Amino acid sequence: MRRTPASLVAGALVVALAWASSPVSPATAADPSPGIADLTQDLNQILSDSRLTIARAGVVVKSAATGEELYSIDSGKLMTPASNTKLFTSAAAAEVLGLDYRFTTSALAAGRTVGSILKGDLVLRGTGDPTMLAADYDALAAAVAAKGVKVVTGRLVTDDSWFDTVRLGQDWAWDDETAYYAAQISALTASPDRDYDAGSVIVSVAADGDKVKVTTTPETDYLKIVNNATVGASTDVLIERRHGTNTVVITGTVASPYDEWVAVDDPTRYAASLFRKALNAHGVRVLGSTVSGAPEGASELAKHESMPLSELLVPFMKLSNNMHAEILTKAMGRKVAGQGTWAAGLKATSDFAKANGVQILNLRDGSGLSRRDGVTAGSIAQLLLSVRSKPWFTTWYNALPIAGNADRFTGGTLRSRMRGTPAANNVHAKTGSLTSVTSLSGYVTSAEGEPLVFSIMLNQYLSGSPKDIEDKIAVRLAKFSRTTPDAAAQLRSDAPASQEAGDLECSWLKPVQC
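Summarised in this report is the structure supplied together with it. (Residues numbered from 1 in each chain as written. Predicted model: local features only at pLDDT ≥ 70, side-chain atom pairs only at ≥ 80, totals over all residues. Heavy atoms only, no water.)

**Looking at helix α8 (residues 377-386)**
Side chains of residues three or four places apart in an α-helix project in the same direction, reflecting 3.6 residues per turn.
Link 1 in the chain: The element α8 is extensively covered by neighbouring structure, given that 10 of its 10 residues are classed as buried.
Link 2 in the chain: Burial in α8 covers these residues: Ala 377, Gly 378, Ser 379, Ile 380, Ala 381, Gln 382, Leu 383, Leu 384, Leu 385 and Ser 386. (Buried < 20%, exposed > 50% of the residue type's maximum accessible area, 1.4 Å probe, protein only. Helix = DSSP H or I, 4+ residues; strand = E, 2+ residues; numbered from the N terminus.)

In structure tokens:
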């Protein structure tokens, strides 16, 4: 589960606030219509919830057609966005990389082939593909074997130089280092399944007679398993990797099967281990050890291309995949500045946002894991407005989670929220969750068919997740009419409490498979 990160010191802000703050600014019109006045009253009532008494709330609602501000409270205040950061990252990636962008993973020969013998090194080169599965490394190995190579006299060289060697975000909490949602970033990596959680392995336990059986997905000996678990009357098990190692210690009791997603240490060497195993299976022996390097002049033997970005946006945004955000950030840096670094990639994101009228106050990563990320509700609303004219907008919009849609790759992190309300299958929005932080920003169509954009950012609440407050606001916007007031008394019955657990996005609770 998501642990409370260590306290972080806020960075200096380098850009002035772009949106004026006021207690409540219900609309740009001097004399708002009855519908807007009613909306203002209802949203004020929702935000008067006692859980927000000592918290901070930034909310803005605008007409997507005209940009008219319908409601605003502290929309210019700097807030921690959590995964709403991915709105900026994904939009910038669509613009900078293009929807046709694909990652390439290649096997190359650094040496001379004589018959079935490669006299030299075999190189595994990556560009960050987060969708590489063990099966893809197997197919790459099969392609090498199909070239007639049976023996490699040299080494297996891993070339992950497309990105830099900084593996973790500089502001990420140290106690998240083993968590799959904060896995290390590398240009060579692997995912265990089609959620594409790059750099992680699924560790599974099950009772097998009087013993606990442990398996991994994919099958790998890269992790050292220390199994101290016992069969018991109930499942109360802890599966945890020791910091800085690949030793996974399992303790507790197991009655029914249980899965845990565990980040590996050094995803480059993990990917290499999968590739070497696959080579052996296809009759290709590499006599030398596995080393890192970036040899020049190597000739391509085989390559694997990922799905295009247009398709990757779905698991990325629907499931709020942190690793996709960081990999795309470094990929943008590589394309724009020739540097696969966070600094170069974040500059590309910021430059894109500013070019579209958005004032980014502070971006420290691409996913929102950092508590030093800072934006405003007004800035997010401006992004949502500006991208509607982009040629890639429809693909991007459809990749956002859709409220109340039970299909996991349609509803995503909103699949359990706002069911049975006017917001269901209407709201397309990005969720965001950290301890004491929640956000929801996106699009909704009003009762009169008017497209609206909204951003809700709630920070520094102490207890009781206020995600239901976000839901009530979104439902009220779905019922908004400029001419027909809505009964405030219906607000609670129309917005059932979120079925998510606590402060966590459902995609972060992998065993639940929500």
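**Considerations on the environment of Ser 320**
Link 1 in the chain: For Ser 320, the position within the fold is in the loop between α5 (309-318) and α6 (322-337).
Link 2 in the chain: It is 10.0 Å that separates the C-alpha atoms of Ser 320 and Ser 433, two residues lying 113 residues apart in sequence.
Link 3 in the chain: A polar contact of 3.2 Å, which involves the side chain of Ser 320, links it to the side chain of Lys 86. (Polar contact = N/O pair within 3.5 Å; in protein donor to acceptor, adjacent residues only side chain to side chain.)

**A look at α5**
Link 1 in the chain: Taken across its 10 residues, α5 has 7 buried, putting it largely inside the fold.
Link 2 in the chain: Where α5 is concerned, the buried positions are Leu 309, Leu 312, Leu 313, Pro 315, Phe 316, Met 317 and Lys 318.
Link 3 in the chain: For α5, the secondary structure elements touched by its buried residues are α2 (85-96), α6, α9 (393-399), α10 (408-411) and β17 (428-434).
Link 4 in the chain: Once α5 ends, the next one or two residues include Ser 320, with phi positive near 55°. (Contact = heavy atoms within 4.5 Å.)

**A short note on the packing of aromatic side chains**
Link 1 in the chain: Throughout the structure, instances matching the rule amount to 11 aromatic pairs.
Link 2 in the chain: The interplanar angle of 40° and the centroid separation of 5.5 Å between the aromatic rings of Tyr 222 and Tyr 270 together place this pair among those described as tilted. On the criterion of sequence distance, the pair formed by Tyr 222 in the loop between β8 (211-217) and β9 (224-227) and Tyr 270 in helix α4 (residues 267-281) is long-range, its members being 48 residues apart.
Link 3 in the chain: With centroids separated by 6.2 Å and ring planes inclined at 75°, the aromatic side chains of Trp 392 and Trp 396 adopt a geometry described as edge-to-face. Neither residue differs from the other here; Trp 392 and Trp 396 are each classed as buried.
Link 4 in the chain: Here the guanidinium or amino end of Lys 330 rests over the ring plane of Trp 342, the centre of that ring lying 4.1 Å away. (Phe/Tyr/Trp six-rings, centres within 6.5 Å; stacked < 30°, edge-to-face > 60°. Lys NZ or Arg CZ within 6 Å of the ring centre and 35° of its normal.)

**Regarding the pairing of strand β12 (residues 247-254)**
Link 1 in the chain: Here 4 bridges tie β9 to β12, and the two strands are oriented parallel to one another. Paired with Lys 224 across the two strands is Thr 247, which belongs to β12.
Link 2 in the chain: Pairing analysis gives 2 bridges linking strand β10 (residues 230-231) to β12, with the strands arranged parallel. Note on β12: the bridge partner recorded for Val 231 is Val 254.
Link 3 in the chain: Relative to β12, strand β11 (residues 236-241) is paired through 6 bridges, and the arrangement is antiparallel. Looking at the pairing, Ile 239 lines up with Ile 250 of β12.
Link 4 in the chain: Hairpin connection from β11 to β12: 5 residues lie between these consecutive antiparallel strands, with Gly 244 at a positive phi of about 70°. (Pairing = 2+ DSSP bridges.)

**What to know about the sheet that holds strand β2 (residues 69-73)**
Link 1 in the chain: In space, the 5 strands of this open sheet follow the order β2-β1-β19-β18-β17, with antiparallel pairing throughout. Each edge of the sheet is formed by a strand with only one pairing partner; in this case those strands are β2 and β17. Each neighbouring strand pair of the sheet contributes to a mean axis angle of 5°, computed without reference to strand direction.
Link 2 in the chain: Bridge analysis of strand β1 (residues 56-63) against β2 gives 4 bridges, and the strand direction is antiparallel. Note on β2: the bridge partner recorded for Val 61 is Tyr 71.
Link 3 in the chain: Contacts between α8 and the sheet are confined to β1, β18 (437-445) and β19 (451-459), with β19 contributing the most and set at about 150° to the helix. (Axes fitted to C-alpha atoms, helices over the stretch in contact; angles between N-to-C directions.)

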